[in-house]
Amino acid sequence: MDVLQAEWGKQVSPDEVERTLSEHTYKAVTITHADTSTGVAADLDALVPIIKKHGALVILDGVCATAAMEEDMSKEYGSPNNKIDVILTGSQKAIGVPPGLAIVAFNQTALNAREEMEHIPAYYCDIKNWIPIMHDPSKYFATPPVNLIYAYDEGMKLVMEEGLEKRYARHSAFGKGVRGALREYGMTPLAEEDVAASTLSCILYPDSVNDAEFRSVLGKKE
Ligand SMILES: *Cc1c(COP(=O)(O)O)cnc(C)c1O
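About the cut-offs
- Residues numbered from 1 in each chain as written.
- Predicted model: local features only at pLDDT ≥ 70, side-chain atom pairs only at ≥ 80, totals over all residues.
- Heavy atoms only, no water.
- Core = buried A, V, L, I, M, F, W, Y, C linked by side-chain atoms within 4.5 Å.
- Buried < 20%, exposed > 50% of the residue type's maximum accessible area, 1.4 Å probe, protein only.
- Helix = DSSP H or I, 4+ residues; strand = E, 2+ residues; numbered from the N terminus.
- Contact = heavy atoms within 4.5 Å.
- Polar contact = N/O pair within 3.5 Å; in protein donor to acceptor, adjacent residues only side chain to side chain.
- Near = heavy atom within 4 Å.
- Areas by Shrake-Rupley, 256 points an atom, 1.4 Å probe, with all protein chains shown as cover.
- Nonpolar A, V, L, I, M, F, W, Y, C, P; charged D, E, K, R; others polar.
- Pairing = 2+ DSSP bridges.
- Right-handed = clockwise from strand over helix to strand, strands pointing away.

Here we come to the nonpolar core. Generally speaking, nonpolar side chains in soluble globular proteins are found buried as a group. The biggest cluster of nonpolar side chains holds 17 residues, and the ones touching the most others in it are Leu21, Ile31, Leu44, Ile51 and Ile84. When contributions to this core are tallied by element, the ones reaching two or more residues are α1 (14-23), β1 (28-32), α2 (44-53) and β2 (57-61). When residues in this core are grouped by element, the largest group, five residues, is from α2. Among residues more than four places away in sequence, those in contact with Ile84 are Leu44, Val48, Val58, Leu60, Asp72, Met73, Tyr77 and Asn107. If you look at the next biggest cluster of nonpolar residues, it comprises seven residues, including Val97, Leu101, Ile103 and Leu148.

Before going further, it helps to spend a moment on the side chain of Thr89. Within the element layout of this structure, Thr89 appears in strand β3 (residues 86-90). Side chain to side chain, Thr89 and Thr66 meet in a polar contact 3.1 Å long. Excluding residues within four positions of it along the chain, Thr89 makes contact with Gly62, Val63, Thr66, Ile95, Leu101, Ala102 and Ile103.

Surrounding the ligand, one finds Thr32, Ala34, Thr36, Asp61, Val63, Cys64, Gln92 and Lys93. Asp61 places a side-chain nitrogen or oxygen 3.0 Å from a nitrogen atom of the ligand. In isolation the ligand has 380 Å² of accessible area, and contact with the protein removes 58% of it. Broken down by class, the residue content of the shell around the ligand amounts to three nonpolar, three polar and two charged.

Moving on, we get to the pairing of β2. Burial analysis of β2 places four of its five residues in the buried class, which makes it a mostly covered element. The sheet contact formed by β1 and β2 spans five bridges and is parallel. Directly across from Ala28, in β2, lies its bridge partner Leu57. With α2 bridging β1 and its parallel neighbour β2, the resulting β-α-β unit is right-handed.

Looking at where Tyr185 falls in the secondary structure, it is placed in the loop between α6 (164-184) and β5 (188-189). Separated by 70 residues in sequence, Tyr185 and Glu115 have C-alpha atoms that sit 54 Å apart.

The values are spatial; any link to function lies outside them.
What follows is the structure, encoded as structure tokens:
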């Protein structure tokens, strides 16, 4: 496994991805959509076609982006075969549901890739074990977290009622607003504005602010 990193606040350069994929063969490339440490959004429009050109699967870590930044598995990035193959996300961020559910989506290309593999020792991570349960939930061998599944259903109803396009635009506007307001207080968003994620803004304090003190003030209840 190789990891490509960017300077903090910048995107991983598509040229570097292209170069790396030309030098070695990779079965899959994972992309973090909204980077937790820096608040930078990945450039899917640039990266997906490059990865697919080299025949690798595109696996997207959507955790804090899914349902608030565009992630569309039916979208063709330049050509009909250039699609996101797998999305992994959690219930607890932009879907607004308590933590506890891991949500995964595979397309047929990704399922075919699984079929070509042998036994996977990590039982819960094997999509093959989940497919029969998705077709018939009563086949699940244990007690499912029904409360979370009801909450997820409700969370997704709210997402779909608002409408994805509206929701993306709202998060984008709020993100810009939050970063603008923080700049007024002398804070510096780590991500360059044109690559900033809508859902997560990471900031640098001005020199005069002590981190521990600042957070203890923020955490104080009235
Ligand atoms: C929050 C986050 C995670 C971690 O999720 P937890 O369920 O809190 O461990 C992973 N990836 C991204 C991109 C995230 O934003």
